[in-house]
Each structure stands twice: as C-alpha cells, then as structure tokens.
Amino acid sequence: MKNVMKGIFAGTLALGLSTFGYAQEADTRGYNPNSVRPIHESDIMFKKTVWTNVDLNEKQNRPFMAVNNEITRFVINAVKAGLLTPYTNDSLMTKKTPEEFVKDISAAGTQMTEEDRRFEIQRVREDDFLTPEERNQRIAEIQRGGGGNEYPPAYFTQMELKEDFIFDKQRSRAYWDIQAVTFWLPAEKNGDLGIQKRMAAFKFKDLYKLFKSSPNAIWFNSQNNQEHKNLADAFEMRLFTGRIIKVSNPDDRELNDIYEGGRKGMLASEWMKQQLMEYEHNLWEF
C-alpha cells in the first residue's frame, strides 16, 4: 500500500512540475527577449524605436571614459575574454567572430609610438580579465612590436543607443528600453580613410549583466569619489546626454536626411526629444 501511495505521489509531483514548466515557458511569450525588464506586448499602448548618438567626449559623458576605466576598454577586454558577444549591427542578428572583431578595432599598417607602447603595457598589467600567463604573453608581444595595430580603447568615443520608447498602459508611465549599444571610431581618428568605423554592436541585456557582475565597471563620479556608479546603473539612470539621430520610419531615414542636415537637422533632433518627453505628460490631459 505504501509503495502504491508513493507511486501516486511521485506521478502527481511529476505532473505538477511539468505543468509548472509549461506555464513558465508560456509566460515568456509576448515579451521582448532583448529587454532587461520586458513589458508584455498586450500592455504596450505606444512604442517608438529611437536611435541616439552619445558623444563620449562631451563633459556630461566623460564619466563613462575615465582614464584606464573607459567603457570601451571594459567591453573590448570582455569580448577578448569570451564573456561578451559582438554583433555586426544593432539588428543583433549576425554575430562577429573574434577575428572579425579584432580586425574592426585595428588599423592595418600602423605602429605604436614608444609612449603608446608604455601606456599599453601598463593597461595590460592592470587588466583583471587576463591570467598571469596571458598578461606576460601580451606584454612580450607589445615589447616585440606586435599588437600595435589595435586602436586604443579611448579612441572609440562615439556610442549609439537603439531604444524603444514605450508607454505601459498597465502602469500609466513611459519607459526607455535600451535594446542595443554600438560603439564607433570617429572619422578623425580613422587615419587617412577619414570615415566613421563601427567597432561592434552589443545587446544591452548582455552588457547589463556583465556590468552588474564586475566591480570594475565604473561610471566615474568626479563630484564624489565615494559615490561612483556601476555602468549598468548609469545607463538606467540615464546619466548621459545625446542627440536623437533617427526615429523609426518606413523609409529608415535619419533626421539629417529628412531635414537636410545642418541646423535643421539639429533642431529636428531637439524637437523630437521634446515631442517624446511631452507625450506621456499630455496623454491623459483629456
């Protein structure tokens, strides 16, 4: 009798667990898999996809690029260590191989100056991602003149955010949901070519997890060194400033193309920013 009861209990438990597993799987439907805090599609009343260019040389954005603590240095090291997946663009469909990534952060035919070599050796010594063996090997390569083709991480000062501006009717408020982050080498840093060069695009969800897991992912607080922020928190608190360059449209055109660039393009960017800010405020006015 006891064995029969045990069998019944085990069968009931297995059925319950399988049902729970199915329910858990079903609950993920209707959610954006690239969102850090996804909102169910049935709760989204309004959505616009917005692209924003963030110049990391600007004063408000400099905390992302503190010397030896640049966000780009952290990202590059994480990719090389196999902790982060790079993508060819912000559609996040095609992954880059490690070889493609190294090629895209390098300039063929360039050589390190002596000052750059000393700086790079110091950076490698402070790189927490490397094992002692990898660190020694890398330093030996630099001293021999190898590895001099990679651009310094501090050169990648253009950051582009792809975000969904969402109004959640369940909570009656708007959210900025970052989907992808792309880093670019500005044209003036790209040698004789003189054109902007993409390092790679990354899922913000992957970056968020990586930043949260590391005490070295620091947004530098110059006003109070006791209150440095984690980079993940800095993004969520929107401690950056940028210029909207595109809002989703059927022709996939940037604001500069639509408004003929120059002053009109800049004014259109500010106008779009104000429109999005006022949307939530005016929604329930009537």
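Residues numbered from 1 in each chain as written. Predicted model: local features only at pLDDT ≥ 70, side-chain atom pairs only at ≥ 80, totals over all residues. Heavy atoms only, no water.

(A) Region of the structure containing the pattern of salt bridges. In this structure the tally under the stated criterion is nine salt bridges. Measuring nitrogen to oxygen at the nearest pair gives 2.5 Å for the salt bridge that ties aspartate 104 to lysine 96. As a salt-bridge pair, lysine 212 and aspartate 233 come within 2.7 Å of each other at their nearest N and O atoms. Of the two residues, lysine 212 sits in helix α6 (residues 204-212) while aspartate 233 sits in helix α7 (residues 231-236), which places them 21 residues apart along the sequence. Relative accessible area serves as the criterion here: at 25%, aspartate 233 is assigned to the partly exposed category. (Salt bridge = Lys/Arg side-chain N within 4 Å of Asp/Glu carboxyl O. Helix = DSSP H or I, 4+ residues; strand = E, 2+ residues; numbered from the N terminus. Buried < 20%, exposed > 50% of the residue type's maximum accessible area, 1.4 Å probe, protein only.)

(B) Spotlight on the nonpolar core. Judged by nonpolar contacts, the single largest core of 37 residues is most densely connected at Phe64, Ile71, Met159, Met199, Phe202, Phe211 and Phe235. At the level of secondary structure, the elements contributing two or more residues to this core comprise α2 (71-80), β2 (158-168), β3 (173-185), β4 (197-203), α6 and α7. No other element matches α2, which puts six residues into this core. By size, the runner-up hydrophobic cluster in this structure holds nine residues, among which are Val50, Phe165, Met272 and Leu276. (Core = buried A, V, L, I, M, F, W, Y, C linked by side-chain atoms within 4.5 Å.)

(C) Local environment of unusual backbone geometry. Within the chain, arginine 238 stands out as a residue other than glycine whose phi angle is a positive 55°. Mapped onto the fold, arginine 238 is located in the loop between α7 and β7 (243-247).

(D) Quick look at the sheet that holds β7. Judged by pairing direction, the sheet is antiparallel, and its five strands sit side by side in the order β4-β3-β2-β1-β7 without closing on themselves. Each edge of the sheet is formed by a strand with only one pairing partner; in this case those strands are β4 and β7. On average, adjacent strands in this sheet sit at an angle of 30° to one another, irrespective of strand direction. With eleven bridges joining them, β2 and β3 adopt antiparallel strand pairing. Each bridged residue has a counterpart across the sheet, and for lysine 162 the counterpart in β3 is alanine 180. Strands in contact with α2 are β2, β3 and β4; relative to β4, the strand with the most contacts, it is inclined by about 75°. Along the sheet, helix α9 (residues 262-283) contacts β1 (44-55), β2, β3 and β7; its crossing angle with β7, the most-contacted strand, is approximately 80°. (Pairing = 2+ DSSP bridges. Axes fitted to C-alpha atoms, helices over the stretch in contact; angles between N-to-C directions. Contact = heavy atoms within 4.5 Å.)

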